[in-house]
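Below are the chains, spelled out letter by letter.
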Amino acid sequence: MRAHLGLLLSLLLGFSAACSSSSTLGGPELDLISQVQNAPNLVRHSGIRRVESRYLLDGSRDALIYREEIQADGQGNFLITPLGAVQGGLANPAEFVAIQTMRMGFNQRYRDFLVRDLATFLKNYQLTSASQITQVAGRDCLELEVTRIDGSAHYLVDLDVQTGLVLRYVEFDSTGELYSMMEYETYNADPDLTGVVFHQSSNDEVPLTSTTQLPFAPLTPKLLPDSAFTFLEATRITESVNGDQFAKLTFTDGVETVFFLDGGPNPVSPPASTPKLGSGLNYAGLSTGQGTTLTDEVRVFHEGPLTVVWGNVAGHSVFIVGKATKAELLDMLVSALP
Amino acid sequence: MPPWIASLPQSFTSTTWASACPPQNVDSNPQPCNELRERYVADPASSESFDRHAAVCGACAAWLERQRFVRGILGSMDRLVAPAVLEGCVHEDLQLGAGFLIGVLRGLERQQAPEQLEQRLAEALIFEGDVADGDVVPAWGDLLGSLDRRPAPKVLDRLVDEELSSPSASVSRRFAGGLFRMSPPKSLLARVSSELKAPGTVVSRRRWLSLGGVAAAVLLALTLAPPLRNPSVKAPWPFRVVEVESLASLDPLARSLVNGLAGGSVQAMDWRKESNGGGL
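Rules used in this analysis
- Residues numbered from 1 in each chain as written.
- Chains lettered and ligands numbered in written order.
- Predicted model: local features only at pLDDT ≥ 70, side-chain atom pairs only at ≥ 80, totals over all residues.
- Heavy atoms only, no water.
- Helix = DSSP H or I, 4+ residues; strand = E, 2+ residues; numbered from the N terminus.
- Buried < 20%, exposed > 50% of the residue type's maximum accessible area, 1.4 Å probe, protein only.
- Contact = heavy atoms within 4.5 Å.
- Buried area = accessible area lost by both parts, 1.4 Å probe.
- Salt bridge = Lys/Arg side-chain N within 4 Å of Asp/Glu carboxyl O.
- Polar contact = N/O pair within 3.5 Å; in protein donor to acceptor, adjacent residues only side chain to side chain.
- Pairing = 2+ DSSP bridges.
- Axes fitted to C-alpha atoms, helices over the stretch in contact; angles between N-to-C directions.
- Phe/Tyr/Trp six-rings, centres within 6.5 Å; stacked < 30°, edge-to-face > 60°.
- Parallel < 35°, antiparallel > 145°, perpendicular 65-115°, else oblique.
- Left-handed = near helix turned anticlockwise from the far one by under 90°.
- Nonpolar A, V, L, I, M, F, W, Y, C, P; charged D, E, K, R; others polar.

Caption draft 1: Here's a closer look at the overall build of chain B. Each helix and strand in chain B was counted, giving 15 helices and one strand. A buried classification covers 21% of the 280 residues belonging to chain B. In chain B, once contacts between residues fewer than 6 apart in sequence are set aside, the share between residues at least 24 apart is 25%.

If you want it as structure tokens, here you go:
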């Protein structure tokens, strides 16, 4: 363990230096970062996690708090079992569990703090530490303060010294208030996974390697938010209900992600007044109510640091979401227009 | 020994030259071979002594043959004369600085790439292998010309326009935005709090009025300033943008993505509103 701790500390020093010059990073540090990057998939373990997500409603702060059990076999397979809401959930606990189960894949891939692209992460984030060992679920962790260079994001992250797994993270909003957090309450490094039925992806999402995989030419942004984001992956999602397809482009600043979804050409007729699952990306809210459909209009919604943009532009149904400003997402959309 | 050879690192001068002349073919010391070769390179006209040496040294005989071959190739090539204006411009550049030379270079006739290069590029980029006899190899320049011309994104127009209309503001914004944002020290917050709580800092009514007047003036200036500064300011985006307070009109699939990124808080807001009798 001492060796791991030494590596983590040298990683920390490497990171601090990386703020001025990434060339100072050495092999062991980069190896360990790779370990942190891939730990959720490569570390066999199980544990109970507490997840908290705060929001502001009608001027008062509230929170959704729930527990879940994670089981991972260290070979990319995992199962997240919702254990119910502690605060802010639905009146019907079974319904809450069902919704959380449906989101299992997304939560594993995108919800929690993770270094998604090392080079971009080193470019955009600064790391500091009090160089002290903390305890999370009985495990020794190194606590790091991770701050985006422009100050727009701030995290406190506890990395397991032995495995590099993130055992706790706290995300703060721009006012310094807690926005979200995840913490392991228990941790088992040698779980019995006999009989565990691991997560199976329910949506048809495949890598998008050629635009011929889609029935339309997808819009592709050429300007990314604040130049801090970089391309991460392109996939094609086929909806299971009616077979509609859309392109999903994912960009990252190293930690956070921005999704750019293009559902292709919108139907000429106005969309239905009530959206239904599997209706593609036809946004019912664009109906004016007078039997006409507004074209080239987008709607913008804010929730904490998150901005959501959706609408119908240049004949395409588009949807963009990420922790970026409205101007950044709209510029991104404009840069994608033909 | 010519000065440029003497200036080479010792390992180069001793090993490279010596290896060209195996010891068994000389008097057990390669140094005489090296000296003779250097003398020959410096003045080929006086090659008699080297010819005599090459008659008894196989390695130097081979070296001499290669030298004559290379010299023959170089000598057979057409000698191109630099444009007269180039010499003048180089001179002027050296005297006055850069600029003239670039102009001359741009004015020179553009040379075509050798046919062999086009063929190699075609093999690597188009046919991904050997070019068959029947294949028509397009010129590289033609290939570039045949590509679809893509317009620059419209947002670039606006950004460039902003950059040109106020370069200093753009530069400031760009560099200031890239700086690490430091948090104020806690002691500052404590001092401000204590100052505000202090009884002597109660602001008088008259002062409030003057502060209000200043604020109103600033607001008025901010409202009027953009049109006065640039009457042709256009809407920044080529579509209508509507701020909304709810995700009600969003497709459930997309809404699920938003909820996932927000850790479920958007849906929790929804639930809470529903329980209060409303809905998002």
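Here the narrative resumes, following the displayed structure.
Caption draft 2: A look at the interface of chain A and chain B. Every contact between the two is made by 68 residues of chain A and, on the other side, 45 residues of chain B. Note on chain A versus chain B: buried area summed over both sides is about 4,900 Å², and carbon and sulfur give 68% of it. If you look at where chain A meets chain B, you find three salt bridges. Measuring nitrogen to oxygen at the nearest pair gives 3.0 Å for the salt bridge that ties A:Glu297 to B:Arg240. There are ten residue pairs in polar contact (both at pLDDT 80 or more) connecting chain A and chain B.

Caption draft 3: Region of interest: the sheet that holds strand E1 (residues 240–243) of chain B. As summarised here, the arrangement of the eight strands in space is E10(A)-E11(A)-E12(A)-E13(A)-E16(A)-E15(A)-E14(A)-E1(B), forming an open sheet in which the pairing is mixed. Since the sheet does not close on itself, it has two edges, and those belong to strand E10 (204–207) of chain A together with E1 of chain B, each with one partner. Taken pair by pair, the neighbouring strands of this sheet meet at an average axis angle of 20°, ignoring direction. The pairing of strand E14 (residues 297–303) of chain A with E1(B) spans four bridges and is parallel.

Caption draft 4: Structural context of the environment of A:Ser202. All names here are of chain A. Within the secondary structure layout, Ser202 lies in the loop between strand E9 (178–184) and E10. Residue Ser202 is classed as exposed on the basis of its relative accessible area, which comes to 64%. In the structure, Ser202 is positioned 98 residues away from Met104 in sequence and 9.9 Å away in space, judged by C-alpha atoms.

Caption draft 5: Quick look at helix H4 (residues 104–111) of chain A. Along H4(A), seven of the eight residues are buried, which leaves the element largely enclosed by surrounding structure. Within H4(A), burial applies to A:Met104, A:Gly105, A:Phe106, A:Asn107, A:Gln108, A:Tyr110 and A:Arg111.

Caption draft 6: Looking closely at the pairing of E9(A). Residues and elements named next belong to chain A. Of all seven residues that make up E9, six are buried, and the element is covered over most of its length. Where strand E1 (residues 44–57) and E9 come together, five bridges link them in antiparallel fashion. The residue of E9 that forms the bridge with Ser53 is Ser180. Sheet analysis places strand E8 (residues 166–172) next to E9, joined by five bridges and oriented antiparallel.

Caption draft 7: Representation of the pattern of salt bridges in the model. All names here are of chain A. In this structure the tally under the stated criterion is 25 salt bridges over all chains. Measuring nitrogen to oxygen at the nearest pair gives 2.6 Å for the salt bridge that ties Arg54 to Glu52. Exposure remark for Arg54: the relative accessible area of 31% places this residue in the partly exposed category. One network of salt bridges, in which partners are shared, links Arg49, Glu68, Arg111 and Asp112.

Caption draft 8: Region of interest: the packing of aromatic side chains. For the structure on display, the rule yields twelve aromatic pairs over all chains. With 6.0 Å between their ring centres and 70° between their planes, A:Phe231 and A:Phe251 make a pair best called edge-to-face. Pair noted here: A:Phe231 is in strand E11 (residues 230–238) and A:Phe251 is in strand E12 (residues 245–252), with a separation of 20 residues, a long-range link. Its relative accessible area of 46% is what places A:Phe231 among the partly exposed residues. Classification of A:Phe251 by relative accessible area gives buried; the value is 4%. With a centroid separation of 5.9 Å and an interplanar angle of 75°, the aromatic rings of B:Tyr40 and B:Trp63 are classed as edge-to-face. You can see B:Tyr40 sitting in helix H3 (residues 31–42) and its partner B:Trp63 sitting in helix H5 (residues 58–76), a full 23 residues away along the chain. For B:Trp63, a relative accessible area of 9% translates into the label buried. Members of the aromatic cluster, connected to one another through ring pairs, are A:Phe113, A:Phe121, A:Tyr125 and A:Tyr155.

Caption draft 9: How the structure looks around the packing of helix H4 (residues 48–56) of chain B against H5(B). Residue and element names in this part refer to chain B. The N-to-C vectors of H4 and H5 enclose an angle of 125°; their axes lie 6 Å apart at closest approach. Taken as axis vectors, H4 and H5 run oblique relative to one another. Relative to H5, H4 is oriented so that their crossing is left-handed. Here Phe50, Asp51, His53, Ala54 and Val56 of H4 come into contact with H5, specifically with Gly58, Cys60, Ala61, Trp63, Leu64 and Arg68. Across the contact of H4 with H5, the residue classes break down as seven nonpolar, two polar and two charged.

Caption draft 10: Geometry of the pairing of strand E5 (residues 133–136) of chain A. Residue and element names in this part refer to chain A. Across the two faces of E5 the burial differs, with Thr134 and Val136 buried and Ile133 and Gln135 not buried at all. Sheet analysis places E5 next to strand E6 (residues 139–148), joined by four bridges and oriented antiparallel. Paired with Val136 across the bridge in E6 is Arg139. Counted between consecutive antiparallel strands, the loop separating E5 from E6 contains two residues, among which Ala137 sits at a positive phi close to 50°.

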